[in-house]
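Read off the chains here:
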Amino acid sequence: MSALALLGGPRAVPAGVDGGPWPVVTAEDEQAVLNVLRGGRLTSTAAGETEVPALERAWADQVGTAHCVAVSSGTAALQIALGALGIGPGDEVVVPALTMNATAHAVRQCGGVPVFSDIEPDTFTMDPARARDALGPRTAAVLPVHLHGLPAGMGALLEVASRRGLPVVEDAAQAHGAAWRGTATGALGALGCFSLHPSKNLPTCGEGGLVTTDSASLYRAAVALRNFGERPPARTRSYLAHRPGLNARIGPVQAAFTRSQLARLPAYAKAREHAVVAFLDRLDRLPGLRVPYVPADRTHAWHIVRLRIVPEELDLAGVPPAAVRRALHRVLRAEGVPVSQYQVAPLPAHPAFRGETSLEQVAATHPVSCATVDGTLCLQRRHLGPNAAAALAAYADGFEKVWEHLGLVRRMARAQPARDWRHDVAGD
Ligand SMILES: Cc1ncc(COP(=O)(O)O)c(C=O)c1O
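Note that the coordinates shown come from a computational prediction; the quantities given were computed from them, not determined experimentally. (Residues numbered from 1 in each chain as written. Predicted model: local features only at pLDDT ≥ 70, side-chain atom pairs only at ≥ 80, totals over all residues. Heavy atoms only, no water.)

### Quick word on the site of the ligand
Right, on to step 1. The environment of the ligand is formed by 16 residues, the closest being G74, T75, D171, S195 and K200.
Right, on to step 2. G74 is positioned such that a nitrogen or oxygen atom in its backbone is 2.8 Å from an oxygen atom of the ligand.
Right, on to step 3. Relative to its unbound accessible surface of 390 Å², the ligand loses 91% to contact with the protein.
Right, on to step 4. Every element with two or more residues in the shell around the ligand is listed here: helix 3 (74-84) and helix 4 (102-109).
Right, on to step 5. Ranked by residue count, the leading element in the shell around the ligand is helix 3, at three residues. (Near = heavy atom within 4 Å. Polar contact = N/O pair within 3.5 Å; in protein donor to acceptor, adjacent residues only side chain to side chain. Areas by Shrake-Rupley, 256 points an atom, 1.4 Å probe, with all protein chains shown as cover. Helix = DSSP H or I, 4+ residues; strand = E, 2+ residues; numbered from the N terminus.)

### A look at the domain arrangement of the protein chain
Right, on to step 1. Each domain of the protein chain was delimited in the assignment, giving domain 1 (27-262) and domain 2 (265-427).
Right, on to step 2. Taking only C-alpha atoms into account, the centre of domain 1 sits 28 Å from that of domain 2.
Right, on to step 3. Contacts between the two partners involve 42 residues from domain 1 and, on the opposite side, 33 residues from domain 2.
Right, on to step 4. With both chains or domains summed, domain 1 and domain 2 bury close to 3100 Å², and 59% of this area falls on carbon and sulfur atoms.
Right, on to step 5. At the junction of domain 1 with domain 2, the criterion picks out 19 residue pairs in polar contact (both at pLDDT 80 or more).
Right, on to step 6. Residue assignment for the side of domain 1 that touches domain 2 shows that the elements contributing at least two residues are helix 2 (51-63), helix 4, strand 3 (113-117), strand 6 (179-180) and helix 8 (252-262).
Right, on to step 7. Of the residues in the side of domain 1 that touches domain 2, the class split is 21 nonpolar, 15 polar and six charged. (Domains from an automatic or database assignment. Contact = heavy atoms within 4.5 Å. Buried area = accessible area lost by both parts, 1.4 Å probe. Nonpolar A, V, L, I, M, F, W, Y, C, P; charged D, E, K, R; others polar.)

### Some remarks on the sheet that holds strand 4 (residues 139-142)
Right, on to step 1. Taken in spatial order, the three strands make up an open sheet running 3-2-4, and their pairing is parallel. Bordering the open sheet on either side are strand 3 and strand 4, each of which pairs with just one other strand. Recorded for the sheet is a direction-independent mean angle of 35 degrees between the axes of neighbouring strands.
Right, on to step 2. Looking at chain direction, strand 2 (residues 92-96) and strand 4 are connected through three bridges and run parallel. Each residue of the ladder has a partner; that of V93, found in strand 4, is A141. (Pairing = 2+ DSSP bridges. Axes fitted to C-alpha atoms, helices over the stretch in contact; angles between N-to-C directions.)

### Quick look at the packing of helix 3 against helix 7 (residues 216-226)
Right, on to step 1. Viewed as axis vectors pointing N to C, helix 3 and helix 7 meet at an angle of 125 degrees, and their least axial separation amounts to 9 Å. Looking at the two axes, helix 3 sits oblique to helix 7. Where helix 3 crosses over helix 7, the two elements pack in a sense that is right-handed. Two secondary-structure elements touch here, helix 3 through I80, G83 and A84 and helix 7 through L218, A221, A222, L225 and R226. (Parallel < 35°, antiparallel > 145°, perpendicular 65-115°, else oblique. Left-handed = near helix turned anticlockwise from the far one by under 90°.)

### A closer look at helix 10 (residues 321-334)
Right, on to step 1. Between the first and last C-alpha of helix 10 there are 20 Å, a value that for 14 residues agrees with the 20 Å anticipated at 1.5 Å per step.
Right, on to step 2. For helix 10, the full list of buried residues reads A322, A323, V324, R325, A327, L328, V331 and L332.
Right, on to step 3. Immediately beyond the C-terminal end of helix 10, within one or two residues, lies G336, with a positive phi of roughly 95 degrees. (Expected span 1.5 Å × (residues − 1). Buried < 20%, exposed > 50% of the residue type's maximum accessible area, 1.4 Å probe, protein only.)

Here's what the structure looks like:
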């Protein structure tokens, strides 16, 4: 048993083993971008521009919806989807308490009010029972997030929404290619919203997003909202604004790059599934560590891998989960395992969304989100590339090594100050 790297021993993960670059940029991607630059149509409104419509057609076909609207970011996709539904001042939209802040920002940017609903402990996605409790007379939509790439429990969520006649907007920013009961994310609600940020499973070079829908009227509304409320010109652009709108257009360079990437999305997803499952099979044998649960009716896009720590199984009953997480974080990182915290606080605790609510109230109303923030570690980005299997095997070596030294981890965890996520919010 070699000494822990934290104490001067050799690292379990050799320097330079990191899963490779993400996004992977091939000669085809470069050529696609070069073609746009040489063609001279550098904006989607240039006469004869075909890259943006080609990406929209390809993504609609991939998801299985009638329409797709390519936009400037995932946040813009959400804002446009909500705007297309007519969400406006005073309308409430139910969002999960654990997600990236853009989900709630988009609601606010429409003038709406995000109402937070706690998540399920095993899937980390919106809890349908809590979502039902969050409905009120002003609720105008339900906005589940397929967090980490796992589809939310859409059966129960669609039922909760449909009983009240409410539309469901999917935040699928992290879930390209995932499916629920065989239907792709983005084709499950009234509208689906994807991010093309370079960190995402389907990246662009720069920023971008995609909105999917089967509805012709929502499609027309989204197209107008993307471009100053104008209608798509039959010939020359009139610049007549028919409704409120913004400039949320994607550029042809970004569209061409993503369409080139899209050709490799299924192969990359397959390689990722294989490598991540092999990694999780090894971690699953370690006591005190819970690997992600994937219900039988869904496939996971593995955008982020979240691991839950169970202090009791590590003989650390009574030690705050955040203290155990911090100790493990430090020891694993020293070994070269790039674990990280994804989201340091539940969304209702962010100063931007908290209003008069105290952190204690957030803790009382969203206990699962709080426990998740405190008691989990994540793997991000390093596992996305098609050649990540070797790095993941080395990360598993790192976990196994640390688990041979749990005595030190226990001592470190017990010596940590008893702070939870509230300390991070208050101190930021
Ligand atoms: C769940 C979720 N929703 C929305 C977004 C926003 O996407 P973008 O960064 O493209 O605006 C992100 C991006 O990280 C996200 O993870």
